[in-house]
Amino acid sequence: LLLGPKYALLRSEFSKLRNSSLGKKRNKTIKNILVYLGGIDSENLTESVLDKLKSCNISETTQITVLMGSQAPFLSKIKKVVKKLPLSAKIKVDSKHIAEIMSNADLSIGASGTTTWERCCLGLPSIQFCISDNQKFISQVLSRDNVIKLIDSVNQIPDLINDYPNWMFESSKLSAQICDGDGANRIFNKMSDYEFEINEHSNV
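So, here is what we can say about the structure in this document. Every chain's residues receive numbers from 1 upward, in the order its sequence appears when written. It should be noted that, the model being predicted, local features are given only for residues of pLDDT at least 70 and side-chain atom pairs only at 80 or more, the latter also being counted only at that level, while totals for whole chains, interfaces and linings use all residues. As a rule here, side-chain values come from all non-hydrogen atoms in the structure, and water together with hydrogens is ignored.

Moving on to unusual backbone geometry. Residues Tyr164 and Pro165 are joined by a peptide bond in cis, for which omega reads 0°. For Pro165, the position within the fold is in the loop between α7 (157-162) and α8 (168-178). Residues other than glycine seldom take positive phi values, yet Asp94 does so here, at roughly 50°. Mapped onto the elements of the fold, Asp94 is located in the loop between β3 (88-93) and α4 (98-104). In the Ramachandran plot, Asn146 falls in the positive-phi region, its phi being about 65° despite a non-glycine side chain. Numbered from the N terminus, helices here are DSSP runs of H or I no shorter than four residues, and strands are runs of E no shorter than two. Position of Asn146 among the secondary structure elements: in the loop between α6 (136-144) and β6 (149-151). Judged by relative accessible area, Asn146 falls into the partly exposed class, the value being 36%. Exposure is judged per residue with a 1.4 Å probe applied to protein chains only, and the accessible area is read against the type maximum: over 50% gives exposed, under 20% gives buried, and values in between give partly exposed.

Another point: the packing of helix α2 (residues 45-53) against helix α3 (residues 75-84). Comment: axis = line fitted to C-alpha atoms, over the contacting stretch for helices; angle = value between 0 and 180 degrees taken between N-to-C directions. Across the interface, α2 lies against α3 with an axial gap of 10 Å and an inter-helix angle of 10°. Taken together, the axes of α2 and α3 lie roughly parallel to each other. Together, Thr46, Glu47 and Leu50 of α2 and Lys77, Ile78, Val81 and Val82 of α3 make up the contact between the two elements. Each angle is binned into one of four classes, with values under 35 degrees roughly parallel, values over 145 roughly antiparallel, values of 65 to 115 roughly perpendicular, and all other values oblique. Whether two residues are in contact is decided by their heavy atoms, any of which lying within 4.5 Å being enough.

What follows concerns the state of the cysteines. Cysteine sulfurs are considered disulfide-paired once they come within 2.5 Å of each other. By the definition in use, this model includes zero disulfides. Cys179 supplies the cysteine sulfur nearest to Cys120, a cysteine that is in no disulfide, at a spacing of 6.6 Å. By relative accessible area, Cys120 is classed as buried at 2%.

We now examine α3. Listing the buried residues of α3 in full gives Leu75, Ile78, Val81 and Val82. Considered in projection along α3, the buried side chains sweep an arc of 115° and stay on one side of the axis. Within α3, the exposed residues directed more than 90 degrees away from the buried face are Ser76, Lys80, Lys83 and Lys84. Tucked into the core, α3 has its buried residues touching α2, β2 (63-68) and β3. For this quantity, the arc is that covered by the directions from the helix axis to the C-beta atoms.

Looking now at the nonpolar core. What we call a nonpolar core is a set of buried Ala, Val, Leu, Ile, Met, Phe, Trp, Tyr and Cys residues that are connected through their side-chain atoms within 4.5 Å. Core analysis: the biggest nonpolar cluster contains 33 residues, and Leu50, Leu53, Ile157 and Ile161 have the highest contact counts within it. Counting residues per element, the ones that place at least two in this core are β1 (32-36), α2, β2, α3, β4 (107-111), β5 (126-129) and α7. Ignoring any residue separated from it by four or fewer positions in sequence, one finds Ile161 in contact with Ile30, Leu53, Cys56, Ile58, Leu107, Ile109, Ile127 and Met168. Within the second largest apolar cluster, 20 residues are counted, among which are Leu10, Ala105, Leu142 and Cys179.

Structure (structure tokens):
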């Protein structure tokens, strides 16, 4: 059984950007924030997060990048919110460069789930919401081990951001130890070894 984040199936661009991303996660100020509550975000948590960021102690020049899918029900509304936000913000729809965006971010605010392993691979500190029951166990374990900050209300965001960088450096280091993005290669190698053993046995 090939289980756990060691075998997480991430696209190759995450492992390729891993080293450069880890080198960027030493900023003493937050220059880039990624907001990604999943491609759909049916509860419109994105708007609540953006509204709460207005009251956080961050510079007006801090770049906020919002990722959403083209099928998100609140996409048009979020586009209007982003335009009116008194911060430097932009929205990307169906982006094909998520790994690059994550590697350039200092902080991620998003949903728990498979994206967690992408953030970990790149050492991206994250504030996370658990938005479905199947995310609870993993997100709670990672929160307990200080890998992520798990919250249940956007009202907790300002305190965590204002406490930068006290927890973020540790979070980046610990998350990078969880997943290195090489899971696909490990699985391929295991499958190749297994196939070789079968072929060798059948030729005896």
